[in-house]
Amino acid sequence: MNFLRGVMGGQSAGPQHTEAETIQKLCDRVASSTLLDDRRNAVRALKSLSKKYRLEVGIQAMEHLIHVLQTDRSDSEIIGYALDTLYNIISNDEEEEVEENSTRPSEDLGSQFTEIFIKQPENITLLLSLLEEFDFHVRWPGVKLLTSLLKHLGPQVQQIILVSPMGVSRLMDLLADSREVIRNDGVLLLQALTRSNGAIQKIVAFENAFERLLDIITEEGNSDGGIVVEDCLLLLQNLLKNNNSNQNFFKEGSYIQRMKPWFEVGDENSGWSAQKVTNLHLMLQLVRVLVSPTNPPGATSSCQKAMFQCGLLQQLCTILMATGVPADILTETINTVSEVIRGCQVNQDYFASVNAPSNPPRPAIVVLLMSMVNERQPFVLRCAVLYCFQCFLYKNQKGQGEIVSTLLPSTIDATGNSVSAGQLLCGGLFSTDSLSNWCAAVALAHALQENATQKEQLLRVQLATSIGNPPVSLLQQCTNILSQGDKINRRGSKIQTRVGLLMLLCTWLSNCPIAVTHFLHNSANVPFLTGQIAENLGEEEQLVQGLCALLLGITIYFNDNSLESYMKEKLKQLIEKRIGKENFIEKLGFISKHDLYSRASQKPQPNFLSPECMIFDHEFTKLVKELEGVITKAIYKSREEDKEEEEVKKTLEQHDSIVTHYKNMIREQDLQLEELKQQISTLKCQNEQLQTAVTQQASQIQQHKDQYNLLKIQLGKETQHQGSHNDGAQMNGIQPEEISRLREEVEELKSNQELLQSQLAEKDSLIESLKSLETSSGMNEQSSEAASIRDSEQIAELKQELETLKSQLNTQSMEINNLQIEKQELLQKAEAFAQSVPVPGDSEKIAAKTTDVEGRLSALLEENKELKNEIKSLSEEKTAIKEQLDSSNSTIAILQNEKNSLELHIKDSKKEQDDLLVLLADQDQKIIAIKKKLKEAGHPDEEEDELIIPVGQDDEFDEDEDDDKNDIEGDIQL
């Protein structure tokens, strides 16, 4: 403590000697007194002196106060006094310092006392353990003391708390305290604890800090809340800013959805208090933290999608188009919407569809551009609108095409009733305000960024400069304004307009040989650029010279040699003659060496201190980095190297075309694979559903079978039981013989049914035999006649059988009707018996008889039900037999048709046989004539024997001939 004593001795106006002695005596009493009351009173006295005599109390009493915290924890009052005294010593109370008019060394007393306190890390651990006490007089001063320690030496105290067991978790309990003072100071403590420490930020986030803080904000009234909402928002910023892990946790925890109510500002006449403006400003900044361009692209994209899905973007656009919103809130809202839509196609499409509440409605983009090119609007607002337009066009070729299309002749509104985005940009590009020129040029350059199609489309834009003169292309008008230089009086910076136009032309001509050709067609452009580069001008004009050198280098590097007068080699020779290669490269380097260049290259948002600093665009700095090296190489290359480079470019283009072709094929195959996978997944689901249905049906069938078997067994037992107890009893005039007769009739019906089924089976067999006979009839003609005769006989028999079956069916139906009538009679008798009055007599006998009769009646009813079921089954069998008879009739008709076809076939075969007999007769006559000639010629007997047909063969021939004759005769008889 020597340095503290030195500080004390160096004070010009120190305390009186009596106060120093008093402090010493109080410290001795705290250290030596055995009574708790004495120590408590001494600590209370030190607390009262600690604000005025901060240095002396800190030097003499700090060790004693720490000892009190260690030993007297059972008494909350003395602990509270000790913590308050330490807080007064360590904290820098500005009002006290002003009153005492302290010197510079004493202003840093807080940091010095903090360093003494944390030399022993156990002191921080002790303080954390005291925060677990629920007593207000202990917890609140402990929170304030720890907050003060963190403000003075934050990193050191953070490290001690980080290694302390459950250190951060103990502090998180403060947010759940029901006492608002402790909870609010706990928020301030966590602010200081989480500042610039990623490890503690992650621990606090995973201790459910987001949930608790959002609950507090909701309880306090969101943006209409007080200072507590502001503190919670600052703590949330500490937890989320530059912490990808916490941002991902915040998104996955669905906390983005809970941010939407923050921006429901309500009626425009409700008023905007200073605290509400501050709260809403911090809320907008918190949204920007989640979608900052410096975050990883994947995390930013997922947050952007979540904000659109939950309606947060829509709510922000509502504020954007509302009236009565303060200027700073409107500016921050525009910046927030810009980053929410930047690079996200869905959000950009939605923003393009937003309309302002005007009459007639205008797109929000048009309304914003009107503010950007209006020089009466605040500078920060114009910068915000430019940033919004840039973010809308970032990686949005669809949006770029829509903006450029508003400049084309086919889409311009001839009536002039509505103003388009393209007209506003052209108006700003050619106005007399240099800032509007620069903003419009940069905005139009972003409409061409990395989009060769729109660069070519923009070449079609024609402008009417004055009445009577032919229209001029937009490219020519830009070069005309550029060549005029300072001849036109403009408000603002001298070089701002030219810099903006040169950035637009460089962006337009890069990677677009057609635009380069159009630029070189104007013979005045190249001499103007070479003249600007070759002059020796001041420092302000050096930047313009560098941009002219970049534009001339672009015309060389992207030149397709379509113009003979401005081929690559000729342009390089022109540079070497009029400027010099070294001088050209030196002028080109002026761009990247400019002070404002490095500042613009850091962030996409145009953040400038004043309009004069608005020189470079972020995307243009990327283009300069890309082209500066290749232009330098192109200037020093020879003709042979250019040719080799062109050949390499051609091969690369061919290779790229092949690669793109295969990429498209792979993309199509991937789509097909995805479709097939989806089909497979759906089929699998259907298969699983069908399998489950089959298993369920199988189990149900099994259950039904089991139930059927159980019912069958129970029915058999009941019939046996009923047969054993029905011994000749007579019930209401119904004899058991009648029941037996009914059963016999049922048996007869069953036997008749079986007989009919057997007859049907015989009929089926006959039909099959007929079919087989039909197939065999074509092979043997003789058997066909007999088969046809048998068929006719069998058909007659079948008809008779059908008649008998019909008669049997009629009798069976009559019997079934009789059974039904008898069943009705039995039911009527049973009902009459049930309604009959018992004979008066002994009551017990009557009851017994009644129960006996009821039992028999129930048995008879069961039998009636069985008979009814049997009759039903017989009727079903009857219908089945009728169906079988109908099918037999149809088969008979088919057989009749087949018979007719066979008769036709037989007639044909008879004709063929007649022809054969005629041929045989002719042959016999020829043979006989030949035999006669041989005999007359006198040939020997051997030769004659050879001509004679053998006996066996002749007999066979005669037999065949007889058979043919018999067949013919049979056909004639038929």
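See the structure shown above.
Residues numbered from 1 in each chain as written. Predicted model: local features only at pLDDT ≥ 70, side-chain atom pairs only at ≥ 80, totals over all residues. Heavy atoms only, no water.

Counting its regular elements, the protein contains 43 helices and four strands. The buried share among the 974 residues of the protein stands at 41%. Across the protein, every contact between residues at least 6 apart in sequence was considered, and the portion connecting residues at least 24 apart equals 74%. For the protein, the computed accessible surface area is about 53,000 Å², with 52% contributed by carbon and sulfur atoms. (Helix = DSSP H or I, 4+ residues; strand = E, 2+ residues; numbered from the N terminus. Buried < 20%, exposed > 50% of the residue type's maximum accessible area, 1.4 Å probe, protein only. Contact = heavy atoms within 4.5 Å. Areas by Shrake-Rupley, 256 points an atom, 1.4 Å probe, with all protein chains shown as cover.)

So, about the environment of N295. Assignment of secondary structure puts N295 in the loop between α18 (274-290) and α19 (297-309). For the pair N295 and N243, spaced 52 residues apart in sequence, the C-alpha to C-alpha distance is 8.9 Å. The contact partners of N295, leaving out residues within four places of it in the chain, are N244, Q247, V289, L290 and T300. Of note is the side chain of N295, whose polar atom sits 2.9 Å from the backbone oxygen of V289. (Polar contact = N/O pair within 3.5 Å; in protein donor to acceptor, adjacent residues only side chain to side chain.)

Looking now at the side chain of S164. Its location among the elements puts S164 in the loop between α11 (154-163) and α12 (167-172). If near-sequence neighbours (up to four positions away) are discounted, S164 is found in contact with T125 and L128.

With that settled, consider a negative patch on the surface. Taken together, the side chains of E640, E641, E644 and E647 present a region of like negative charge at the surface. Within the secondary structure, E641 sits in helix α38 (residues 639-725). The class of E641 is partly exposed, set by a relative accessible area of 38%. (Patch = residues over 30% accessible without salt bridge, like charges linked within 9 Å, V, L, I, M, F, W, Y side chains within 5 Å. Salt bridge = Lys/Arg side-chain N within 4 Å of Asp/Glu carboxyl O. Lys, Arg positive; Asp, Glu negative; His and termini not counted. Charge placed at Lys NZ, Arg CZ, Asp CG, Glu CD.)

Take unusual backbone geometry next. For the bond from N359 to P360, the omega torsion is 0°, close enough to zero to count as cis. Phi is positive for N222, which is not a glycine, with a value near 55°. Mapping N222 onto the fold places it in the loop between α15 (209-219) and α16 (227-240). With phi around 60°, N511 is a residue other than glycine that occupies positive phi space. Among the structural elements, N511 can be located in the loop between α30 (496-509) and α31 (513-521).

Applying the stated criterion across every chain yields a total of 19 salt bridges. The partner of R39 in a salt bridge is D72, and the shortest N-O contact between them spans 3.2 Å. You can see R39 sitting in helix α3 (residues 36-50) and its partner D72 sitting in the loop between α4 (54-71) and α5 (76-90), a full 33 residues away along the chain. Neither residue differs from the other here; R39 and D72 are each classed as buried. Across the pair K276 and D224 runs a salt bridge, and its minimum N-O distance is 3.4 Å. Of this pair, K276 sits in helix α18 while D224 sits in the loop between α15 and α16, and the two are 52 residues apart along the sequence. Given a relative accessible area of 57%, D224 falls into the exposed group.

Ranked by size, the top nonpolar core spans 212 residues in total, and within it L146, L171, W262, F263, F351, W508 and L550 carry the most contacts. With twelve residues, helix α24 (residues 379-393) is the single largest residue contributor to this core. When residues no more than four places from it in sequence are discounted, the contact partners of L146 are L127, L128, L131, V157, I161, L171 and L189. (Core = buried A, V, L, I, M, F, W, Y, C linked by side-chain atoms within 4.5 Å.)

Here we take up the packing of aromatic side chains. Following the criterion strictly, the structure yields eleven aromatic pairs and no others. Judged by centre distance (4.6 Å) and plane angle (40°), the ring pair of F206 and F249 falls under tilted. Taken together, the residues span a long stretch of sequence, with F206 in helix α14 (residues 198-206) and F249 in helix α17 (residues 244-252) at a distance of 43 residues. One aromatic cluster in this structure is built from F206, F210, F249, F250 and Y255. For R179, the ring lying beneath its charged end belongs to F134, and the centroid distance is 3.9 Å. (Phe/Tyr/Trp six-rings, centres within 6.5 Å; stacked < 30°, edge-to-face > 60°. Lys NZ or Arg CZ within 6 Å of the ring centre and 35° of its normal.)

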